[in-house]
Structures are given as C-alpha cells and as structure tokens.
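# A look at the structure
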Amino acid sequence: AHNPDRLLQPIRSRSPALHLLPLTDDEVRNIAVEYAHDDYDESAVTDDVVGLSVGSPGKAMYYAQHASAWLDLSARFVNLSLSGDYTDLFFDLEDAGIEDAAVANRFLEVVSFLLADMARGMAGAPLRIADTTAKVDTSRYPQIDANAVDLALVDVQETMSRIASRRTSPRVCIQALAVKLFEGAK
C-alpha cells in the first residue's frame, strides 16, 4: 500500500513495513511505454512527465495523457501571474476545462511541482521538470527568491484544500490564486 494509514489497524499491527525505493527514471519510462497500448505514444512520456511521476509508472502513464497541456499551462500560469496579465490567464484557464475539482487539483499539483522545481533550481539542486521550469522567466523579477517561492507553494496548497472542500468553484479558486501568487514579491 502506498499509504499505510489507509489500512485497517489489525492489518497494520500484524504486518511488517517494507519500504521500497522509487523506480529510476529509465524504469518508469520503460514501464509506462510498455503498458501504454493505444492510450498514448512513446513520445508522450517526456522527461518532464517522468519527472512529475516521482518514480511511479502509474503516475507517468496518467501524466503522459494529461500533463503536456498542464505543464505548458502551469508555466504560463506562473509567468502571467508574475506579470499581472490576468485577462489572458483567465481565458487560458477557461479554455483548459478545469471545472472539475479533481482535475483542478491535478493541475495545481503540476503548478506546485513547478514551483518546487523553481526552488530546487534556486538552491542549485537538479530539476525534475527542467523543460517546463526553463519556460518560467524570473529574470525580469529579481525580487522572486526562495522565500517568495515557498510562500507561493503554501498559497497553492491552501487553494487545493479550498477546492477539495468544494465551497467555491475550482476556476474561481484558481483565478484568486493567480492574483495572490507572488503578490508580496512583485
């Protein structure tokens, strides 16, 4: 089980925990391509898709079908949020069809991953979604530092919680996030 807390207590108390390392990027790519069938072609399993999967072939297969559009939109989301060009961004969000709460939160997971990759880049660590991270132009915003990115990550997580609670429409939550993102650092 990937989440032992979801197992019943009697099963957890009688079962030893065996922690397995995530698969390598090459293993994830090979398994995702092998089980693709007609859902997508091999070219859909990009380096960024493998990076998003974090060692999970199942996630790689899911992201191979959905992430290419979300990766581009997430980079555009961050860039347009930084520049304050919300009109184009709101039209992009409407065209993306992220009205469903689960789909909206999957998109925000990609945005969160992009922000985390930006923080990794600032720290000099290797990037997981290098092609998408390269599309974010922070050079025009020297005040965007690791602290600003950390605060943006918190804002994304709060928005995901708000969407999961289903109190507000996902698109309205994401639009509010776009305005709030990096607001103190712009």
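Reference entry: report on the structure contained in this document. (Residues numbered from 1 in each chain as written. Predicted model: local features only at pLDDT ≥ 70, side-chain atom pairs only at ≥ 80, totals over all residues. Heavy atoms only, no water.)

### Observations concerning the packing of aromatic side chains
Put simply, the rule is: Side-chain rings of Phe, Tyr and Trp, where Trp is taken by its six-membered ring, are said to pair if the distance between their centres is within 6.5 Å; with planes under 30 degrees apart they count as stacked, over 60 as edge-to-face, and otherwise as tilted. Strands are runs of DSSP state E lasting at least two residues, helices are runs of H or I lasting at least four, and both sets are numbered from the N terminus onward. Here's how the labels work: a residue is buried when its accessible area is under 20% of the maximum for its type, exposed when over 50%, partly exposed in between, all with a 1.4 Å probe on protein chains only.
Using the criterion set out here, one finds four aromatic pairs in the structure. With 5.9 Å between their ring centres and 85 degrees between their planes, Phe-77 and Phe-107 make a pair best called edge-to-face. With Phe-77 in helix α4 (residues 57-83) and Phe-107 in helix α6 (residues 101-122), this residue pair connects regions lying 30 residues apart in the sequence. Each member of the pair, Phe-77 together with Phe-107, is buried. With 6.2 Å between their ring centres and 25 degrees between their planes, Tyr-86 and Phe-90 make a pair best called stacked. Residue Tyr-86 and its partner Phe-90 are both found in helix α5 (residues 86-96); the two are separated by four residues, about one turn of the helix. Looking at Phe-90, the relative accessible area reads 24%, which means it is partly exposed. Linked through ring pairs, Tyr-62, Tyr-63 and Trp-70 together constitute an aromatic cluster.

### Observations concerning unusual backbone geometry
Of note, Val-54 is a non-glycine position whose phi angle comes to about 50 degrees, a positive value. Looking at the secondary structure, you find Val-54 in the loop between α3 (47-53) and α4.

### Some remarks on the pattern of salt bridges
We count it as follows: For this analysis, a salt bridge means a side-chain nitrogen from Lys or Arg found within 4 Å of a carboxyl oxygen belonging to Asp or Glu.
Summed over all chains, the structure comprises nine salt bridges. Note that Arg-128 and Asp-25 form a salt bridge whose closest N and O atoms lie 3.4 Å from each other. Here Arg-128, found in the loop between α6 and α7 (130-133), pairs with Asp-25, found in helix α2 (residues 25-34); they are 103 residues apart in sequence, far enough to count as distant. What makes Arg-128 partly exposed here is its relative accessible area of 28%. For Asp-25, a relative accessible area of 34% gives the class partly exposed. In this structure, Asp-117 and Arg-120 form a salt bridge, with 2.7 Å as the shortest nitrogen-oxygen distance. Within this pair, Asp-117 and its partner Arg-120 are both found in helix α6, separated by three residues, close to a single helical turn. Looking at Asp-117, the relative accessible area reads 0%, which means it is buried.

### Observations concerning the packing of α4 against α5
To be explicit about the condition: Axes here refer to lines fitted to C-alpha atoms; in helices the fit is confined to the stretch in contact. Angles between the N-to-C directions go from 0 to 180 degrees. Oblique is the label for any angle not covered by the other classes, which are roughly parallel (under 35 degrees), roughly antiparallel (over 145) and roughly perpendicular (65 to 115). Working rule for handedness: look at the near helix, and if it is turned counterclockwise from the far one by less than a right angle, call the crossing left-handed; if clockwise, right-handed. What makes two residues a contact is simply this: any of their non-hydrogen atoms within 4.5 Å. Residue polarity is assigned by list, with Asp, Glu, Lys and Arg as charged and Ala, Val, Leu, Ile, Met, Phe, Trp, Tyr, Cys and Pro as nonpolar; anything else, Gly included, falls into the polar class.
Between α4 and α5, whose axes approach to 9 Å, the crossing angle comes to 160 degrees. For the element pair α4 / α5, the angle class is roughly antiparallel. Note on packing geometry: the crossing formed by α4 with α5 is left-handed. For the pair formed by α4 and α5, the contact residues are Leu-73, Arg-76, Phe-77, Leu-80 and Ser-81 on the first element and Tyr-86, Asp-88, Leu-89, Asp-92, Leu-93 and Ala-96 on the second. Classifying every residue of the contact of α4 with α5 by side-chain character gives seven nonpolar, one polar and three charged.

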